[in-house]
Amino acid sequence: MAYKVTLIPGDGIGPEVAAAAQACLDATGVSFEWEILEAGEGAIAKHGSPLPEPLLESIRRNKVALKGPITTPIGTGIRSVNVGMRHALDLYACVRPCRLYPGVPAHYRQVDLVIVRENSEDLYAGIEYDDGTPEVKELIAWVKSHGGKTIRPDAAVSLKPISASASERVIRFAFEYALKNRRKKVTAVHKANIMKFSDGLFLEVFRRVAQQYAGKLEAEDRLVDNMCMQLVQRPESFDVLVLPNLYGDILSDLCAGLIGGLGVAPGANIGDQIALFEPVHGSAPRYQGQNKVNPTATILSGMLMLRHLGEVEAADRLEQAVSVVLREGKSVTYDLKPRGDNSVVGTRQMTEAIIDKLQGHSRESGNPSGRSSLSRG
Ligand code: NAD
């Protein structure tokens, strides 16, 4: 029986990288029935909404989705479709493995860490009050009368809610992920010395949950600014990081930089029922339709999806095929070659090279169809 998966091509370079991942996943031999639905700019034109209900229904039904990036216009008042989707589906943990594959140009020899980012609250909760509105005036007056702090009258205000319950479920997820994936240490990242209540609560919950894993996993915490420096200086010291939403977003891009850039950084958004896989990178609109960008991040997101589905052998084969293409460095996109190197290939050619390796591996292992030998019941 085929796995039913919702496929959201997305905006900008999204359709190109999503097609690349779809082709690689099909080439593993695992059967998929793809339900292709639009979100973002394409969906506005068709459905009048960037996040139409039939899309959410499809994901709720299939419980698994693969997504290309979606454009969020800056400063227009339109909320991010990505954030909206994570909220609507309660995908509370954003998991971003950052592994440096041999052959990828980078400043380090070894990086293999995993970011677990809280996805539902913090400054990304979308509770914002624009400057000059009656609401913000009321809020400014309320703050003044409850503690005497002055907010300038021409300010816009965003709220940063951090709850014990949302912190606990993501922190527990990070510890369970660490155990399941034979990791050794979980590091909480925060700024509790300044934000004593919000980040302070996150840290307090982390310390409480960590006690329940004592003897099984090491636990430590770092201030976010110090963490940035330590990640740049010695990323090999870290294993699983758990962070509130905003720090998680920023450190995800920092860590993508440690492993060769956004072109190779995969991700997943996980809830109790549903999992949605997508690259860390955005829609890079200036590269749209040029057969230029690196498909690896989305293909590796597909590899994470295979693992989530229990197709471990197919996931291993796909990861191995990607890893060989990266190590050989012949059929790779512009971002993995020195500037001015004219041996770069396009998105489609890199995808074909990965599929060739996958099929070569299947031939060598006597499985010419490429079909996974695992039963899916
Ligand atoms: P971006 O990730 O789209 O691009 C930044 C730069 O990274 C690009 O100019 C390019 O140099 C490089 N890059 C990105 N993907 C690459 C790839 N696959 N191969 C090679 N190089 C790659 O970030 P941005 O320009 O800040 O954002 C563009 C749009 O994407 C915005 O509307 C933003 O809101 C949206 N976005 C969406 C998501 C998502 O859908 N999850 C995530 C981040 C940003």
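Calculation notes
Residues numbered from 1 in each chain as written. Predicted model: local features only at pLDDT ≥ 70, side-chain atom pairs only at ≥ 80, totals over all residues. Heavy atoms only, no water. pLDDT = per-residue confidence, 0-100. Contact = heavy atoms within 4.5 Å. Buried < 20%, exposed > 50% of the residue type's maximum accessible area, 1.4 Å probe, protein only. Helix = DSSP H or I, 4+ residues; strand = E, 2+ residues; numbered from the N terminus. Pairing = 2+ DSSP bridges. Near = heavy atom within 4 Å. Polar contact = N/O pair within 3.5 Å; in protein donor to acceptor, adjacent residues only side chain to side chain. Nonpolar A, V, L, I, M, F, W, Y, C, P; charged D, E, K, R; others polar. Axes fitted to C-alpha atoms, helices over the stretch in contact; angles between N-to-C directions. Phe/Tyr/Trp six-rings, centres within 6.5 Å; stacked < 30°, edge-to-face > 60°. Lys NZ or Arg CZ within 6 Å of the ring centre and 35° of its normal.

1. Digging into the confidence of the model for the protein chain
In the predicted model, the protein chain carries a mean pLDDT of 93, and 94% of its residues have values of at least 70. Counted against residues more than four places away or in other chains, residues 368-377, with its pLDDT under 50, gives 30 contacts.

2. Describing the pairing of strand 5 (residues 112-118)
Counting buried positions along strand 5 yields six of seven residues, so the element is predominantly enclosed. Here strand 4 (residues 93-99) pairs with strand 5 via seven bridges, running antiparallel. Bridge pairing in strand 5 links alanine 93 to glutamate 118. Note: strand 5 against strand 10 (residues 240-243), four bridges, orientation parallel. Paired with isoleucine 115 across the strands is leucine 241, a residue of strand 10.

3. Brief notes about the site of the ligand
In the region of the ligand, 22 residues are neighbours, and Ile70, Thr72, Asn82, Gly282 and Ala284 sit closest. Threonine 72 is positioned such that a nitrogen or oxygen atom in its backbone is 2.8 Å from an oxygen atom of the ligand. Residue glycine 282 places a main-chain N or O atom 2.7 Å away from an oxygen atom belonging to the ligand. When its residues are assigned to classes, the shell around the ligand shows nine nonpolar, eight polar and five charged.

4. So, the sheet that holds strand 12 (residues 275-277)
Read from one edge to the other, the open sheet built from 10 strands follows the order 2-1-3-12-11-4-5-10-8-9, with strand pairing classed as mixed. Of all the strands in the sheet, just strand 2 (32-36) and strand 9 (218-223) have a single pairing partner and so form its edges. Within this sheet the neighbouring strands show an average axis-to-axis angle of 25 degrees, counted without direction.

5. Observations concerning the packing of aromatic side chains
For the structure shown, the criterion picks out seven aromatic pairs. Put simply, the rings of Tyr3, Phe32 and Trp34 touch in pairs and so form one group of aromatic residues. Between lysine 292 and the ring centre of tyrosine 334, over which it is positioned, the NZ or CZ distance is 4.4 Å.

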